[in-house]
Amino acid sequence: MLEIVKPETPDQFDAVRRLCWAYRDFLLTVSPESRVIAQTFYPEAKYAAVMDRLEQEYRPPMGGMRLALRNGAPVGCGMFHTLEPGVAEIKRVWLNEDARGIGAGYALMTVLVEDCRAGGFRLVRMDTGRPLVEAQRLYDSMGFARRDPYYQPPEIARRFLVFFEMELER
C-alpha cells in the first residue's frame, strides 16, 4: 500500500533526510557532469546545513514537504518552497528503487502540486537533470511545460538542466 503523508514526527523527518541524502548520492553517480554539478550546488557541508533546516524552511505558509510510504516504510520524498509571491519551486523529489514503476512518483507529485494550489500558489516551477529521462516523462505527462531557466544556473549546469513550469488553476 502506498501512502503520501506530511512528515510530523522526528522519525519521519529523519526519513526525509535519509531519502534526500540518497538522492544526493544518486546524483553523484549519474554521470561525471552530474557529479561535478551536485558537488558544486551541494557540497557535503552545505547540503548538511540544508538538511538541518528542512523542518523550518519547508513548512506552511512558505512551503511544504511530503513523505511517501510503501507498506509503512519510507520510499520517497518531495518538497516545495516559495520562490516569490505566488510562485513555488518543487525540490528534491526522490523515490528509492522499491517505489519506482508503481505510480509512486505520480502520486507524490500530484500531492505536492495540490499542496501548492491549496497554499495559494499560482505557478509551480522545478528543474531536473537531462539524464533523468523518467522524471522528465513524468513531469511532461502531468502537464508541466518546459521552459527557459527561471534562475541563472552556473555555466557548468546550463546544458545539463531541464526546466519546467505549471500554471495552477484555482
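Relevant structure appears above.
Rules used throughout
Residues numbered from 1 in each chain as written. Predicted model: local features only at pLDDT ≥ 70, side-chain atom pairs only at ≥ 80, totals over all residues. Heavy atoms only, no water. Core = buried A, V, L, I, M, F, W, Y, C linked by side-chain atoms within 4.5 Å. Buried < 20%, exposed > 50% of the residue type's maximum accessible area, 1.4 Å probe, protein only. Helix = DSSP H or I, 4+ residues; strand = E, 2+ residues; numbered from the N terminus. Contact = heavy atoms within 4.5 Å. Phe/Tyr/Trp six-rings, centres within 6.5 Å; stacked < 30°, edge-to-face > 60°. Axes fitted to C-alpha atoms, helices over the stretch in contact; angles between N-to-C directions. Parallel < 35°, antiparallel > 145°, perpendicular 65-115°, else oblique. Nonpolar A, V, L, I, M, F, W, Y, C, P; charged D, E, K, R; others polar. Pairing = 2+ DSSP bridges. Arc of directions from axis to C-beta. Right-handed = clockwise from strand over helix to strand, strands pointing away.

### A look at the nonpolar core
If you look at the biggest cluster of nonpolar residues, it comprises 49 residues, and the most contacted ones within it are Val16, Cys20, Leu54, Ile90, Met109, Tyr139 and Phe144. The leading source of residues in this core is helix H1 (residues 10-30), at 8 residues. Not counting the four nearest positions on each side in its chain, Val16 is found in contact with Pro7, Leu54, Met65, Leu67, Cys77 and Met79. Grouped together as the second largest cluster of nonpolar side chains are 6 residues, Ile37, Tyr150, Leu161 and Phe163 included.

### Things to note about the packing of aromatic side chains
One pass over the full model with this rule turns up 11 aromatic pairs. Each ring, one from Trp21 and one from Tyr47, has its centre 4.9 Å from the other, and the planes form 80 degrees; the classification is edge-to-face. Residue Trp21 is found in helix H1, and its partner Tyr47 is found in helix H3 (residues 44-52); the two are separated by 26 residues along the sequence. Residue Trp21 is classed as partly exposed on the basis of its relative accessible area, which comes to 25%. Between the aromatic rings of Tyr139 and Phe164, the centroid separation amounts to 5.4 Å while the plane-to-plane angle is 75 degrees, which identifies the pairing as edge-to-face. With Tyr139 in helix H6 (residues 133-141) and Phe164 in strand S7 (residues 161-167), the pair connects residues that are 25 residues apart, well separated along the chain. Each member of the pair, Tyr139 together with Phe164, is buried.

### Observations regarding the packing of H1 against helix H2 (residues 32-41)
The N-to-C vectors of H1 and H2 enclose an angle of 140 degrees; their axes lie 5 Å apart at closest approach. Here H1 lies oblique to H2, going by the angle between them. Residue-level inspection shows Leu27, Leu28 and Val30 of H1 in contact with H2, the latter providing Ser34, Arg35, Ala38 and Gln39. In the contact of H1 with H2, the residues fall into 4 nonpolar, 2 polar and 1 charged.

### Quick look at the sheet that holds strand S4 (residues 87-95)
Sheet architecture is open: 7 strands sit in the order S1-S2-S3-S4-S5-S7-S6, paired in mixed fashion. Each edge of the open sheet carries a strand with a single partner, namely strand S1 (2-5) and strand S6 (145-147). Across the sheet, the axes of successive neighbouring strands diverge by a mean angle of 25 degrees, strand direction being ignored. The pairing of strand S2 (residues 63-70) with strand S3 (residues 73-84) spans 8 bridges and is classified as antiparallel. Among the inter-strand pairings, Arg70 is bridged to a residue of S3, identified as Ala73.

### Focus on H3
Within H3 the residues assigned to the buried category are Tyr47, Val50 and Met51. Each buried residue of H3 lies within a common arc of 100 degrees when the element is viewed along its axis, so the set occupies one face. H3 presents Ala45 and Asp52 as exposed residues on the side facing more than 90 degrees away from its buried surface. Where the residues of H3 are buried, they touch H1, helix H4 (54-57) and S4.

### Here we look at the pairing of strand S5 (residues 123-129)
Regular strands show a simple pattern: their side chains alternate between the two faces of the sheet. The buried fraction of S5 amounts to 6 of the 7 residues, a majority that puts the element mostly inside the structure. With 3 bridges joining them, S4 and S5 adopt parallel strand pairing. Following the sheet pairing, Ala88 is matched in S5 by Val124. The parallel pair S4 and S5 is bridged by helix H5 (residues 104-118), and the resulting crossover is right-handed.

That's the geometry; what it means functionally is another story.
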